[in-house]
Amino acid sequence: MSLTSVCVFCGANAGTTPAYTEAAIALGTAIAERKLTLVYGGGAVGLMGIVADAALAAGGEVIGIIPQSLMDKEIGHKSLTRLEVVDGMHARKARMAELSDAFIALPGGLGTLEELFEVWTWGQLGYHGKPLGLLEVNGFYSKLTAFLDHIVGEGFVRAPHRDMLQVSESPQTLLEALDQWQPTVTPKWVDQKPG
């Protein structure tokens, strides 16, 4: 698989440590340097704005998708390559998934986790064959990844589905892993016939 676009899920807040900002800058820069399009939630605040600004500063293309109801609250980014305003959160997530070849979660809150788990579930069920990853920053996701291993051990998630989630502390290493990733579940659209 050769990636052309990457969706980044991340917080509308910047978090409590400069490491989160630094990671967002590094990821946005790395995406642009690889000539990939950044797709994200369209906000100008928090890590959302930081990752977008970094990609733009490095000469990258950035597409934001934001619901009308959040346009003012999240302060829709006015300097993107393209900003699409959609009807709601479901439309936002569907459009982000449609435009993206891979997904990465930076640190974030409930929305970030919800977006990550929804797109992961779609992959588990075979609705897409796109890779996903976590950019680990200062152990932010360490308890989550331990819990994911726990639910595999308890028989609620199969190991191949757990392995769909790549984890790295390096944006470059993570992007390379996603570019080389091969799906373990055959996407349903592969077997579907038109009509």
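In case you missed it, the structure is sitting above this.
Residues numbered from 1 in each chain as written. Predicted model: local features only at pLDDT ≥ 70, side-chain atom pairs only at ≥ 80, totals over all residues. Heavy atoms only, no water.

Counting across every chain of the model gives zero disulfides. Cysteine Cys7 remains unbridged, with the sulfur of Cys10 as its closest cysteine sulfur at 9.0 Å. For Cys7, a relative accessible area of 0% translates into the label buried. (Disulfide = S-S within 2.5 Å. Buried < 20%, exposed > 50% of the residue type's maximum accessible area, 1.4 Å probe, protein only.)

Moving on, we come to unusual backbone geometry. Here the phi dihedral of Lys35 falls at roughly 65°; this positive angle occurs in a residue that is not glycine. Turning to its location among the elements, Lys35 is positioned in the loop between helix 1 (18–33) and strand 2 (37–40). For Lys35, a relative accessible area of 73% translates into the label exposed. Located in the positive-phi region is Asn138, a residue other than glycine, with phi close to 55°. Note on placement: Asn138 falls in the loop between strand 6 (132–135) and helix 6 (142–153). On the accessibility criterion, Asn138 (63% relative accessible area) is exposed. (Helix = DSSP H or I, 4+ residues; strand = E, 2+ residues; numbered from the N terminus.)

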